[in-house]
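Structural overview
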Amino acid sequence: MILAGGFATRLRPLSCSRPKTLFPLVNKPLLQWTFERLANSGVDEAILAVNALTQFYIRQQKPSKCGLKVRFSIDPPKKPLGTAGPIKKAEPLIGHDEPFLVLNGDIFADIDYQNLLNTHKKTNALATMALCRVEDPSCFGVVELCEDDCIKRFIEKPPKGQEPSNFINAGAYVLSPEVFDLIPENRAVSIEREIFPQIAETGRLVGCHVDGLWIDIGKPVEYLEANKLILDSVAHTITNPQQTSAQIRSPVAIDPGVVLGENSIIGPYAIIGQNVKIGKNVTISHSVVFSDAEIADDVTLSGVIVGESARIGRHADIGSGCIIADQAKINENVSMRAGSTVCPAKEISQNIL
Ligand code: GTP
């Protein structure tokens with residue numbers, strides 16, 4: 001089961017017009033990376049726990065299912081079920097035959113799902129949680145571990161300085177069907193706040209350490225960082241643009257259909273989506289440009305996210321860290337202060353200082 005029906009409030013305004021699972025990571029939707037990893041691990045079926053709007057977007061964008069059989073389980077209208085409620089709702093689809101895997105759909109992670117499942121089977125756990133180590137655990141679910149990796153306590157977002165360890169919930173679990181009986185029906189339930197602490201008390205919540213790349217794309221800075229890390233891990237320049245005299249500075253990912261104007265400098269860490277049009281003397285680094293966007297002549301972007309079909313006019317001065325949502329339009333010569341955000345379809349014709 002992939003949990004994918006959240007509202008991604010921390011990624012607004014980019015998430016006003018797309019669910020987090022469809023955010024492109026190096027020009028491929030996050031959901032497609034997840035499907036690929038599942039298929040490569042021998043998983044053959046996935047249930048997407050979504051709300052009606054997320055289901056609509058996923059059906060419209062048709063990310064490749066990579067051979068998986070995919071079904072939707074939809075939260076009731078205007079009644080989001082949280083992170084455990086959707087599991088209870090999907091009980092008839094999942095069935096009671098065997099343990100099953102649950103993933104937070106907003107995590108990009110190199111997790112060995114077979115190893116997680118094997119650990120679960122070996123330890124007679126009710127729930128087995130993938131754990132990764134982070135510098136600052138205070139924004140995550142943090143665990144206190146016994147020597148045998150049994151989780152003694154699970155605390156969601158503890159106050160800074162009071163975290164029992166640096167090991168956090170990596171957003172991937174194996175659950176035994178008995179867990180269905182712990183989840184109340186027909187209401188929002190948080191697996192982190194209501195269910196994991198309860199299972200920890202029974203001594204049957206087990207941790208499984210994972211290495212490898214692990215990225216939560218919760219906030220815009222993390223989203224940019226995720227693209228950078230993935231680009232580094234792919235470790236080559238993905239490019240074949242309709243190029244003129246533009247300079248490409250690796251690592252970059254430029255979709256083959258991209259049009260690049262003369263004397264533009266693209267990279268390092270520029271990710272340019274399908275059908276993007278880039279004018280002359282444009283410089284783009286450490287930025288992500290979603291598909292169908294247009295960047296006119298003499299624009300410099302650094303640390304910027306440009307949404308789908310957004311347009312940036314000639315000589316606009318876009319400060320670092322700006323977020324320009326889908327279909328927004330920044331007119332010629334407009335200056336935008338660093339860190340400004342523009343809502344979807346908004347036209348900006350005056351400076352934002
Ligand atoms: P923020 O609003 O920015 O915190 O994001 P979020 O609520 O979308 O994400 P969060 O990290 O809190 O949730 C973890 C995962 O559970 C994400 O993959 C969400 O899509 C998913 N999720 C959260 N709430 C719900 C819900 O009410 N229903 C469903 N089906 N999935 C949910």
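Structure: see above.
Description of the structure in this document. (Residues numbered from 1 in each chain as written. Predicted model: local features only at pLDDT ≥ 70, side-chain atom pairs only at ≥ 80, totals over all residues. Heavy atoms only, no water.)

1. Brief notes about the overall build of the protein chain
- Helix and strand counts for the protein chain stand at 7 helices and 31 strands.
- Once the C-alpha set of the protein chain is aligned to its principal axes, its extents read approximately 65 × 40 × 40 Å.
- Residues counted as buried form 54% of the 353 residues belonging to the protein chain.
- In the protein chain, of all internal contacts separated by at least 6 residues, the share reaching a separation of at least 24 is 46%.
- Summed over its atoms, the accessible surface of the protein chain is roughly 15800 Å², and 47% of this surface lies on carbon and sulfur atoms.
- When the 35 positive and 40 negative side-chain charges of the protein chain are each reduced to one mean point, those points stand 5 Å apart. (Helix = DSSP H or I, 4+ residues; strand = E, 2+ residues; numbered from the N terminus. Buried < 20%, exposed > 50% of the residue type's maximum accessible area, 1.4 Å probe, protein only. Contact = heavy atoms within 4.5 Å. Areas by Shrake-Rupley, 256 points an atom, 1.4 Å probe, with all protein chains shown as cover. Lys, Arg positive; Asp, Glu negative; His and termini not counted. Charge placed at Lys NZ, Arg CZ, Asp CG, Glu CD.)

2. Thoughts on the site of the ligand
- Surrounding the ligand, one finds 20 residues, the nearest of these being Leu3, Thr9, Arg10, Asp75 and Gly82.
- A distance of 3.2 Å is found between a nitrogen atom of the ligand and a backbone nitrogen or oxygen belonging to alanine 49.
- Here aspartate 75 contributes a side-chain N or O atom positioned 2.6 Å from a nitrogen atom of the ligand.
- Its free accessible area being 610 Å², the ligand has 82% of it covered by the protein chains.
- Its residues placed into classes, the shell around the ligand shows 9 nonpolar, 7 polar and 4 charged. (Near = heavy atom within 4 Å. Polar contact = N/O pair within 3.5 Å; in protein donor to acceptor, adjacent residues only side chain to side chain. Nonpolar A, V, L, I, M, F, W, Y, C, P; charged D, E, K, R; others polar.)

3. Focus on the sheet that holds strand β30 (residues 341-342)
- Taken together, 6 strands build an open sheet; the order of strands is β15-β18-β21-β24-β27-β30 and the sheet is parallel. Strands at the two margins of the open sheet, each flanked by one partner only, are β15 (252-254) and β30.
- As paired strands, strand β27 (residues 323-324) and β30 are joined by 2 bridges and run parallel to one another. Its bridge partner being in β30, isoleucine 323 is matched across the sheet by threonine 341. (Pairing = 2+ DSSP bridges.)

4. Describing helix α2 (residues 52-61)
- Residues Thr54, Gln55, Tyr57 and Ile58 constitute the buried set of α2. Across the axial projection of α2, the buried residues extend over an arc of 165°, all falling on one side. Opposite the buried face of α2, by more than 90 degrees, sit the exposed residues Ala52 and Leu53.
- For α2, the secondary structure elements touched by its buried residues are α1 (30-40), β4 (45-50) and β5 (69-74).
- The opening residue of α2, the one whose side-chain oxygen lies 3.1 Å from the backbone nitrogen of leucine 53, is asparagine 51.
- Count one or two residues on from α2 and you reach lysine 62, which has phi positive near 45°. (Arc of directions from axis to C-beta.)

5. So, the pattern of salt bridges
- A full pass over the atoms with the stated rule returns 15 salt bridges.
- Salt-bridge contacts for aspartate 106 lead to lysine 20; the nearest nitrogen and oxygen are separated by 2.9 Å. One end of the pair, aspartate 106, is in the loop between β6 (100-104) and β7 (107-109); the other, lysine 20, is in the loop between β1 (2-3) and β2 (24-25), and 86 residues separate them in sequence. With respect to class, aspartate 106 is no different from lysine 20; both count as buried.
- A salt bridge links glutamate 332 to arginine 314; its shortest N-O distance comes to 3.5 Å. Here the residue glutamate 332 occupies a position in the loop between β28 (329-330) and β29 (335-336), and arginine 314 occupies one in the loop between β25 (311-312) and β26 (317-318), the gap between them amounting to 18 residues.
- The structure contains a network of salt bridges with shared partners spanning Arg18, Glu308 and Asp326. (Salt bridge = Lys/Arg side-chain N within 4 Å of Asp/Glu carboxyl O.)

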